[in-house]
Structure formats: structure tokens, C-alpha cells
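Below, each chain spelled out in residue letters.
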Amino acid sequence: PRRKDSGVAAMGATAFVGRCMFAFVFLASAVNKLQTLSDPVAGAATLASIAPRLAAARALFAAKIGFPLYLVLPFTDGQLLLLGTLTEGTGAVLFVADSSLGAKMLMLFTLVVTPVMHAFWLIPDKHSAGYQVEMIMFYKNVAMFGALLFWHATRPVVVGSRRGGTRGIASAAGRVKWE
């Protein structure tokens, strides 16, 4: 019995370390963005560099659905950047705490930000460093989204039973292990 308990504790510790390492990418990025935005010169340069990408995303959205994005999200570029940064940082902290909400926040952040900020297919020179960097960042984000999706899909959930109020743990695939 003691050996089994230590194995469970080791698995829990390993999972915690893994979540910390995974979330570090998001947390470090969010902290870096907040530091950049707190400096007026660097913040203005960052906003100037992302403004064309946000404008292109807004135009594409308006063309696809028939009305401007600001009717749904009436935020400035700076407010969108801050909202995204807070989503990224908060999601990372919650994910470290093994929260499903944290994973969902990181999935939302990655799903929205990746095609807007890493649109490598719009860079005409396929051999340029910029193209290569954006392509790598895009695929990295796709892989991280996939890892979050995998984490979420394999996460055990507690389910109730019709048998006398007992409770079991079921994976997302539907297998139940009764407690």
C-alpha cells in the first residue's frame, strides 16, 4: 500500500512540474508584454507593430460576417493587447493550479492570437528570416493548442452514478473507475 501511495504522489508531482514548464512559455510572454506596455516608448512601438495585423484581422472578420468587429468588441488595439495578455497570464497561473478554466483560457488565447499574429503565409519571401520565424511560431502555437486539447480530453472528471449515490471518476473517453 505504501509503494502505491508514493507512486501516486510522484505522478502528481511530475504532472505539476510538467504544467509549470508548459505554462512558463505563456507566463513569461505575458510578463514580458506587461513590462513592455508599462514603458511608454516600448509600448507605443509594440502597438505600432501589431496595428497592421489587427487591422487586417478586423477587415477579414468584417468581410466574412458582414459587420465591423468593433460592434462586437469595442476595444482599442491597446485594450485588446492588454485583454489578451491578461487572458494569457491568468490562464497560465490557473493551468499550473490544474484548473480546466486555465487550460480553456490558454486555448482561447492561442486560437485567437495564432492566425492573427503569426500569419507567415502573408509574407511574400518564403526564404526570409521573418517568414521562417513566423512559421515556427505558428506551428509551435498549434502544437501547444494540441497539447492543451489533449490535457483537457484526458482529464478525469467526477461523475455521479445511479447506483446508490456512489461516485466514480471517468475520463473524457467514458471509462469509469469506481471509488
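Attention here is on the structure that accompanies the text.

The rules behind the values
- Residue positions are counted from 1 within each chain, in the order its sequence is given.
- pLDDT decides what is reported in this predicted model: residues at 70 or higher carry local features, side-chain atom pairs at 80 or more are listed and counted, and totals for whole chains, interfaces and linings draw on all residues regardless.
- Water and hydrogen atoms play no part in the side-chain values, which are based on all heavy atoms of the structure.
- The way it works is that DSSP assigns letters per residue, a run of H or I at least four long becomes a helix, a run of E at least two long becomes a strand, and they are numbered from the N terminus.
- Here a residue-residue contact requires only that any non-hydrogen atoms of the pair lie within 4.5 Å.
- Exposure was quantified through the Shrake-Rupley algorithm and a 1.4 Å probe, taking into account, for residues, occlusion by the shown protein chains and nothing else.
- Throughout this description, the term salt bridge denotes a Lys or Arg side-chain nitrogen within 4 Å of a carboxyl oxygen of Asp or Glu.
- Relative accessibility under 20% of the residue-type maximum defines a buried residue, over 50% an exposed one, and the middle range a partly exposed one, all with a 1.4 Å probe and only protein chains included.
- Side-chain atoms within 4.5 Å are what join buried Ala, Val, Leu, Ile, Met, Phe, Trp, Tyr and Cys residues into a set we call a nonpolar core.
- Note on definitions: angles span 0 to 180 degrees between N-to-C directions of axes, and those axes are lines fitted to C-alpha atoms, for helices only across the stretch in contact.
- Oblique is the label for every angle not falling under 35 degrees (roughly parallel), over 145 degrees (roughly antiparallel), or within 65 to 115 degrees (roughly perpendicular).
- Handedness of a crossing is defined here by the sense of rotation of the near helix relative to the far one, left-handed for an anticlockwise turn of less than a right angle and right-handed for a clockwise turn.
- Patch rule: a residue counts if its relative accessible area is over 30% and it has no salt bridge; like charges are joined within 9 Å, and nonpolar side chains (Val, Leu, Ile, Met, Phe, Trp, Tyr) within 5 Å.
- Aromatic rings from Phe, Tyr and Trp, with only the six-membered ring used for Trp, were paired whenever their centres fell within 6.5 Å, and each pair was classed as stacked if the ring planes differed by under 30 degrees, edge-to-face if by over 60, and tilted otherwise.

A closer look at the overall build of the chain
Looking only at helices and strands, the chain has 5 helices and 3 strands in total. N-terminal to C-terminal, the α/β element order of the chain is α-α-α-α-α-β-β-β. A fraction of 48% describes how many contacts in the chain between residues 6 or more apart in sequence connect residues 24 or more apart. Accessible area of the chain: about 11800 Å², with a carbon and sulfur share of 71%.

Details of the pattern of salt bridges
By the definition in use, this model includes 5 salt bridges. Two residues, E134 and R53, come together in a salt bridge whose shortest N-O distance is 3.6 Å. Of the two residues, E134 is situated in helix α5 (residues 129–154) and R53 in helix α2 (residues 40–65); the sequence distance between them amounts to 81 residues. When its relative accessible area of 14% is taken as the criterion, E134 is described as buried. Between D98 and R155 there is a salt bridge, and its shortest N-O distance comes to 3.0 Å. Taken together, the residues span a long stretch of sequence, with D98 in the loop between α3 (77–96) and α4 (100–117) and R155 in the loop between α5 and β1 (157–160) at a distance of 57 residues. On the basis of relative accessible area, R155 is assigned to the partly exposed category, the value being 23%. Salt bridges linked by common partners bring R19, D98 and R155 together as one network.

Details of the nonpolar core
Among the nonpolar cores identified, the biggest contains 12 residues, and these are F22, A23, F26, A92, F95, A103, L106, M107, F109, M144, L148 and W151. Breaking this core down by element, the ones donating at least two residues are α1 (2–38), α3, α4 and α5. At 4 residues, the largest contribution of residues to this core is made by α4. Here A103 is in contact with F95, L148 and W151, once residues within four sequence places are set aside.

Comments concerning the packing of α4 against α5
One way to put it is that α4 packs onto α5 with a least axis distance of 9 Å and a crossing angle of 155°. Overall, the two elements α4 and α5 adopt an arrangement that is roughly antiparallel. Handedness of the crossing formed by α4 with α5: left-handed. On the side of α4, the interface is formed by S100, A103, K104, L106, M107, T110, L111, T114, P115 and M117, while α5 contributes E134, F138, N141, F145, L148, L149, W151 and H152.

Here we look at a nonpolar patch on the surface
Nonpolar side chains collect at one region of the surface, where F61, I65, F67, Y70, L71, V72, L73, F75 and L83 lie side by side and expose about 800 Å² of accessible area between them. Among the structural elements, F67 can be located in the loop between α2 and α3. Take F67: its relative accessible area is 33%, and that puts it in the partly exposed class.

Regarding the packing of aromatic side chains
Across all of its chains, the model carries 10 aromatic pairs by this definition. When the centroid spacing of 5.5 Å and the interplanar angle of 65° are considered together, the rings of F120 and F138 count as edge-to-face. Taken together, the residues span a long stretch of sequence, with F120 in the loop between α4 and α5 and F138 in helix α5 at a distance of 18 residues. Given a relative accessible area of 17%, F138 falls into the buried group. The interplanar angle of 85° and the centroid separation of 5.3 Å between the aromatic rings of W121 and F138 together place this pair among those described as edge-to-face. Separated by 17 residues along the polypeptide, W121 in the loop between α4 and α5 and F138 in helix α5 bring together distant segments of the chain. Look at W121 and you get partly exposed, because its relative accessible area is 42%. Ring pairing ties together the aromatic residues F22, F26, F95, F109 and W151, which thus form one cluster.

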